[in-house]
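The lines below spell out each chain.
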Amino acid sequence: VIRRLAPPMHTELKKALQQEVLAAKSRWGGAIKLSKAPAGTPTAPLPIGVERTIARPASAEAFDVDDLRVRLLIDGPSASAECVRVEVSGDALPAQLQAAAAARVAELWGGI
C-alpha cells in the first residue's frame with residue numbers, strides 16, 4: 001500500500017499561517033485551544049486545530065445542551081473544502097444536528 005503524503009509546506013506559507021494562528025490567539029486568548037501536528041511528522045505543522053467552547057446563552061435555557069464545541073481544522077495550505085474542516089460537538093447534541101451545525105458554520109465562515 002502506497003500512502004501519499006502532503007508535500008512539505010513552503011516556509012512563507014508556514015509563516016503566514018503562523019501569523020493567522022497567533023492573531024486568533026491574540027483576539028480570543030484563553031477562549032480557544034490551539035493544536036498542531038508534532039514536529040517531525042511529514043505534514044507538520046498540519047493539521048492545525050482551533051477549538052472554542054461556546055456556553056449556552058441565557059436565552060436558550062430551555063434546551064438540554066450546555067455548550068457547543070466548534071473546531072476548525074486546517075489540513076492544507078488553502079481555504080478549499082479539501083483543506084479546511086469544521087466540527088461541532090456537544091454531549092447532548094444528536095449527530096445529525098452536529099453535522100448540520102458544522103455545515104452552517106463552514107458556510108458562514110467562507111463557503112468551505
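Placed above this text is the structure.
How each quantity is defined
Residues numbered from 1 in each chain as written. Predicted model: local features only at pLDDT ≥ 70, side-chain atom pairs only at ≥ 80, totals over all residues. Heavy atoms only, no water. Helix = DSSP H or I, 4+ residues; strand = E, 2+ residues; numbered from the N terminus. Contact = heavy atoms within 4.5 Å. Areas by Shrake-Rupley, 256 points an atom, 1.4 Å probe, with all protein chains shown as cover. Salt bridge = Lys/Arg side-chain N within 4 Å of Asp/Glu carboxyl O. Buried < 20%, exposed > 50% of the residue type's maximum accessible area, 1.4 Å probe, protein only. Core = buried A, V, L, I, M, F, W, Y, C linked by side-chain atoms within 4.5 Å. Pairing = 2+ DSSP bridges. Axes fitted to C-alpha atoms, helices over the stretch in contact; angles between N-to-C directions.

Visitor: Requested: an account of the overall build of the protein chain, with residues and values cited.
Guide: Along the protein chain, the regular secondary structure elements total 2 helices and 4 strands. Element order for the protein chain, N to C, with α for helix and β for strand: α-β-β-β-β-α. Partitioning the contacts of the protein chain with sequence separation of at least 6, the portion at a separation of at least 24 is 29%. As presented, the protein chain carries roughly 8,200 Å² of accessible surface, and 57% of it is formed by carbon and sulfur atoms.

Visitor: Any chance you could break down the pattern of salt bridges for me, citing the residues and the numbers?
Guide: Across all of its chains, the model carries 5 salt bridges by this definition. A salt bridge links Arg 85 to Asp 75; its shortest N-O distance comes to 2.6 Å. In this pair, Arg 85 sits in strand β4 (residues 84–89) while Asp 75 sits in the loop between β3 (67–74) and β4, placing the two residues 10 residues apart along the sequence. Accessibility expressed as a relative area gives 35% for Arg 85, which makes it partly exposed. The partly exposed category is assigned to Asp 75, whose relative accessible area is 29%.

Visitor: Residues and numbers for the nonpolar core, please.
Guide: Within the largest apolar cluster, 6 residues are counted, these being Val 65, Val 86, Val 88, Leu 93, Ala 102 and Ala 106. Those elements giving two or more residues to this core turn out to be β4 and α2 (95–110). Formed by 5 residues, the second largest nonpolar core is a distinct cluster that contains Leu 17, Val 21, Ile 48 and Ile 74.

Visitor: Talk me through the sheet that holds strand β1 (residues 32–36); I want residue IDs and the actual numbers.
Guide: Ordered in space as β1-β2-β3-β4, the 4 strands form an open sheet in which the pairing is antiparallel. Single-partner strands in this sheet number two, and they are β1 and β4. Averaged over all adjacent pairs, the angle separating strand axes in this sheet is 15°, with direction ignored. In terms of strand pairing, β3 meets β4 through 6 bridges, oriented antiparallel. Across the sheet, the residue bridging to Leu 72 is Val 86, located in β4.

Visitor: Residues and numbers for the pairing of strand β2 (residues 48–55), please.
Guide: Here β1 runs beside β2; their pairing, made up of 5 bridges, is antiparallel. For Lys 36, the partnering residue across the bridge sits in β2 and is Ile 48. Note: β2 against β3, 8 bridges, orientation antiparallel. Residue pairing in the sheet places Val 50 in a bridge with Leu 72 of β3.

Visitor: Can you tell me about unusual backbone geometry, naming the residues and giving the values?
Guide: Note that the residue after Ala 44, namely Pro 45, is joined by a cis bond; omega there is 5°. Inspection of the secondary structure assignment puts Pro 45 in the loop between β1 and β2. Look at the link from Leu 46 to Pro 47: it is a cis peptide, with omega at 0°. Its location among the elements puts Pro 47 in the loop between β1 and β2.

In short, shape yes, function no, at least from these values alone.
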